[in-house]
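Chain by chain, the residues:
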Amino acid sequence: MADFETIVNTRRSIREYQQKDVDDEDILKILKAGMQAPGSRLGAEPWEFVVIKDKETLAKLGEIKPRVTGAPVAIVLVANIERAFYKTVWQQDMGAAAENMLLEAVNLGLGGLWNGVAPDEERMTKIGEIIGIADISETKPYCIITVGYPAEGWENKFMDKFDEERIHYEKY
Ligand SMILES: Cc1cc2nc3c(=O)[nH]c(=O)nc-3n(C[C@H](O)[C@H](O)[C@H](O)COP(=O)(O)O)c2cc1C
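On a predicted model such as this, the values are computed, not experimentally measured, just so you know. (Residues numbered from 1 in each chain as written. Predicted model: local features only at pLDDT ≥ 70, side-chain atom pairs only at ≥ 80, totals over all residues.)

1. Some remarks on the packing of helix α3 (residues 55-64) against helix α5 (residues 121-131)
Their axes nearest at 10 Å, the elements α3 and α5 cross at an angle of 170°. The orientation of α3 with respect to α5, classified from their angle, is roughly antiparallel. Judged by residue contacts, Thr57, Lys60, Leu61 and Ile64 of α3 engage Arg123, Lys126, Ile127 and Ile130 from α5. Among the residues forming the contact of α3 with α5, the class breakdown is four nonpolar, one polar and three charged. (Axes fitted to C-alpha atoms, helices over the stretch in contact; angles between N-to-C directions. Helix = DSSP H or I, 4+ residues; strand = E, 2+ residues; numbered from the N terminus. Parallel < 35°, antiparallel > 145°, perpendicular 65-115°, else oblique. Contact = placed C-beta atoms within 7 Å. Nonpolar A, V, L, I, M, F, W, Y, C, P; charged D, E, K, R; others polar.)

2. As for α3
Side chains of residues three or four places apart in an α-helix project in the same direction, reflecting 3.6 residues per turn. Of the residues making up α3, those classed as buried are Leu58, Leu61 and Ile64. Angularly, the buried residues of α3 cover 105° about the axis, an arc narrow enough to put them on a single face. Exposed and oriented more than 90 degrees from the buried face of α3 are Lys55, Glu56, Ala59 and Glu63. (Buried ≥ 20, exposed ≤ 12 C-beta atoms within 10 Å, placed from the backbone. Arc of directions from axis to C-beta.)

3. A look at the site of the ligand
Taken together, Arg12, Ser13, Arg15, Lys65, Arg67, Leu113, Trp114, Asn115 and Gly116 make up the full set of residues near the ligand. For the shell around the ligand, the class distribution of residues is two nonpolar, three polar and four charged. (Near = placed C-beta within 6 Å.)

4. Considerations on helix α4 (residues 90-107)
With 18 residues, α4 extends 26 Å between its outermost C-alpha atoms, agreeing within 8% with the 26 Å of an ideal straight helix rising 1.5 Å per residue. For α4, the set of buried residues is Trp90, Asp93, Met94, Ala97, Ala98, Met101, Leu102, Glu104, Ala105 and Val106. Next to the buried residues of α4 lie α1 (4-10), α2 (24-35), β1 (47-52), β2 (73-80), β3 (111-116) and β4 (139-148). Looking one or two residues past α4, Gly109 carries a phi angle of roughly 80°, positive in sign. (Expected span 1.5 Å × (residues − 1).)

5. As for the environment of Pro46
Of note, Pro46 is situated in the loop between α2 and β1. Judged by the 28 C-beta atoms lying within 10 Å of it, Pro46 falls in the buried class. Spatially, the C-alpha atoms of Pro46 and Pro141 are 11 Å apart, while their sequence positions differ by 95 residues. Aside from chain neighbours lying at most four places away, what touches Pro46 is Ala79, Asn80, Ile81, Arg83, Ala84, Trp90, Asp93 and Met94.

6. Quick notes on the nonpolar core
If you look at the biggest cluster of nonpolar residues, it comprises 39 residues, and the most contacted ones within it are Ala74, Leu77, Ile144 and Ile145. The set of elements that each furnish at least two residues to this core consists of α2, β1, α3, β2, α4, α5 and β4. The element best represented in this core is α4, accounting for eight residues. Leave out the neighbours within four places in its chain, and Ala74 touches Ile52, Leu58, Leu61, Val68, Ile144 and Thr146. (Core = buried A, V, L, I, M, F, W, Y, C linked by C-beta atoms within 7 Å.)

7. Observations concerning the pairing of β2
Within β2, seven of the eight residues are buried, leaving the element largely enclosed by the surrounding structure. When β1 meets β2, the two strands line up antiparallel, connected through six bridges. From the neighbouring strand, Phe49 faces β2, where its bridge partner is Leu77. Pairing between β2 and β4: eight bridges, direction antiparallel. What sits directly across from Ala79, in β4, is Lys140. (Pairing = 2+ DSSP bridges.)

Pasting the structure below:
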């Protein structure tokens, strides 16, 4: 386990992975971290998760999101709007879960990537078809988090993204 400052500051988008499986225990920890995220209404969070390890399914997803292909595991974050109390803010709810998952991956010595899906309807529909969602009107594929041990040259490491000019005090 790493300390919080290290996790937040060294997380990078890891787009290539070693051909090494991720332990199911670690996948569960990443899912738990996702569900610990803040949501617009406690107890009415829209998030659901589809864990995919099957190489054929990963390759199919990779036809739409190319970086998924080589990953040992992909987690599709799905917003189930029927679960949500505030039904219009599902993208914020899902984003909070996604970031928590990426940070937990770093904590576990893994790398992760946020593969964007929503709000592009065509992409959402195609991803939905692959994972068994026939209709995306209430059940929306939001993004795909890939996870794995980073390939050489893709390590989590600090990159300074701080920009003082973006900070405003008291008024914009
Ligand atoms: C909403 C969203 C969608 C993204 N979609 C993709 C994607 O489809 N493919 C990809 O390689 N990276 C994707 N990323 C990762 C960003 O490219 C990455 O976070 C950004 O370049 C900053 O790099 P860092 O994550 O290493 O700080 C996405 C990130 C976000 C927040």
